[in-house]
Amino acid sequence: MAGLVLTDASPLIGLARVDGLPWLQALFGSVWWPAQVRAEVLTGQGLPGESVIALAESAGWLRLTESAPTLPELPDLDEGEAACIRVALAHREREAGPAIPALLLMDERAGRQIALEHGLRVAGTAAVIGMAKSRGIIVSARDVFSRLHATDFRIAPDVIATVLRRVGEL
């Protein structure tokens, strides 16, 4: 378990499309998001999943972080990904010692790579689905991946196969 779980937009959007937002609360308790991610997701345009994400925030388990630091500069990332990484790095500095490191929920390859280069822990939407299956929150990861694939949300087939193998469904 992580001491601080931060989410970027993509896992929220993907999980919202398969009614999986409650899994985040069941797995982690509270999940945090920077204002930059909130602005990407809650646009007021009625995008798929937007209303259920807003409900998660109003329920109080999806929580807004304090302002994200402006450093380090991360010019290759969008503002949401960069803010998540900056908040996680600031958390690590504040919690120096035996504290459990932050966990970033992030799907985009560039953001994940930069987070890993900074020594941060990262999991994506597929990993969350695998965790939900492992903890008995869902019956079938394969069924969730099928439902997710029926939307325009994409996860690489090799990533899906890895998760299905880990949870005994392949």
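About the thresholds
Residues numbered from 1 in each chain as written. Predicted model: local features only at pLDDT ≥ 70, side-chain atom pairs only at ≥ 80, totals over all residues. Heavy atoms only, no water. Helix = DSSP H or I, 4+ residues; strand = E, 2+ residues; numbered from the N terminus. Rg over C-alpha atoms; globule rule 2.2 N^0.38 Å. Buried < 20%, exposed > 50% of the residue type's maximum accessible area, 1.4 Å probe, protein only. Areas by Shrake-Rupley, 256 points an atom, 1.4 Å probe, with all protein chains shown as cover. pLDDT = per-residue confidence, 0-100. Contact = heavy atoms within 4.5 Å. Axes fitted to C-alpha atoms, helices over the stretch in contact; angles between N-to-C directions. Left-handed = near helix turned anticlockwise from the far one by under 90°. Nonpolar A, V, L, I, M, F, W, Y, C, P; charged D, E, K, R; others polar. Arc of directions from axis to C-beta.

*Asks:* Residue-level account of the overall build of the protein chain, with values.
*Replies:* Helices and strands together make up the secondary structure of the protein chain, namely nine helices and five strands. Taken from the N to the C terminus, the helices and strands of the protein chain come in the order β-α-α-β-α-α-β-α-β-α-β-α-α-α. In terms of C-alpha radius of gyration, the protein chain reaches 15 Å, essentially the compact-globule figure of 15 Å for 170 residues. Along the first, second and third principal axes, the C-alpha atoms of the protein chain reach 40 × 35 × 30 Å. The 170 residues of the protein chain split such that 46% are buried. Accessible surface computed for the protein chain: about 8700 Å², of which carbon and sulfur atoms make up 53%.

*Asks:* Run through the confidence of the model for the protein chain, naming residues and quoting values.
*Replies:* Close inspection of predicted coordinates is inappropriate for parts of the model with low pLDDT. Residues of the protein chain with pLDDT of at least 70 account for 94%, and the chain-wide mean is 91. Within the protein chain, the lowest mean pLDDT, 87, falls on helix 5 (residues 79–94), and the highest, 98, falls on helix 7 (residues 125–134).

*Asks:* Outline unusual backbone geometry, supporting the account with residue identities and numerical values.
*Replies:* Even without being glycine, Asp19 reaches a positive phi, approximately 55°. Considering the arrangement of structural elements, one finds Asp19 in the loop between helix 1 (9–17) and helix 2 (21–28). With relative accessibility at 61%, the residue Asp19 sits in the exposed group.

*Asks:* Give me the environment of Ile129: which residues, what numbers.
*Replies:* With respect to the helices and strands, Ile129 occurs in helix 7. Given a relative accessible area of 0%, Ile129 falls into the buried group. In sequence terms Ile129 and Met106 are 23 residues apart; their C-alpha atoms lie 13 Å from each other. Once you skip the residues sitting within four places of it in the chain, Ile129 turns out to touch Leu15, Trp23, Ile138, Ala141, Val144, Phe145 and Leu148.

*Asks:* Let's hear about the packing of helix 7 against helix 8 (residues 141–149): which residues, and what values?
*Replies:* Viewed as axis vectors pointing N to C, helix 7 and helix 8 meet at an angle of 145°, and their least axial separation amounts to 9 Å. As for the relative orientation of helix 7 and helix 8, their crossing is right-handed in sense. Together, Thr125, Ala126, Ile129 and Lys133 of helix 7 and Ala141, Val144, Phe145 and Leu148 of helix 8 make up the contact between the two elements. Its residues placed into classes, the contact of helix 7 with helix 8 shows six nonpolar, one polar and one charged.

*Asks:* Outline helix 4 (residues 50–59), listing residues and values.
*Replies:* Taken together, the buried positions of helix 4 are occupied by Glu50, Ile53 and Ala56. Relative to the axis of helix 4, the buried residues are bounded by an arc of 120° and lie together on one face. Exposed residues pointing more than 90 degrees away from the buried face of helix 4 are listed as Ser51, Leu55, Ser58 and Ala59. For helix 4, the elements touching its buried residues are helix 1, helix 2, strand 2 (31–33), helix 3 (35–41) and strand 3 (62–64). Two residues or fewer after helix 4 comes Gly60, characterised by a positive phi angle close to 95°.

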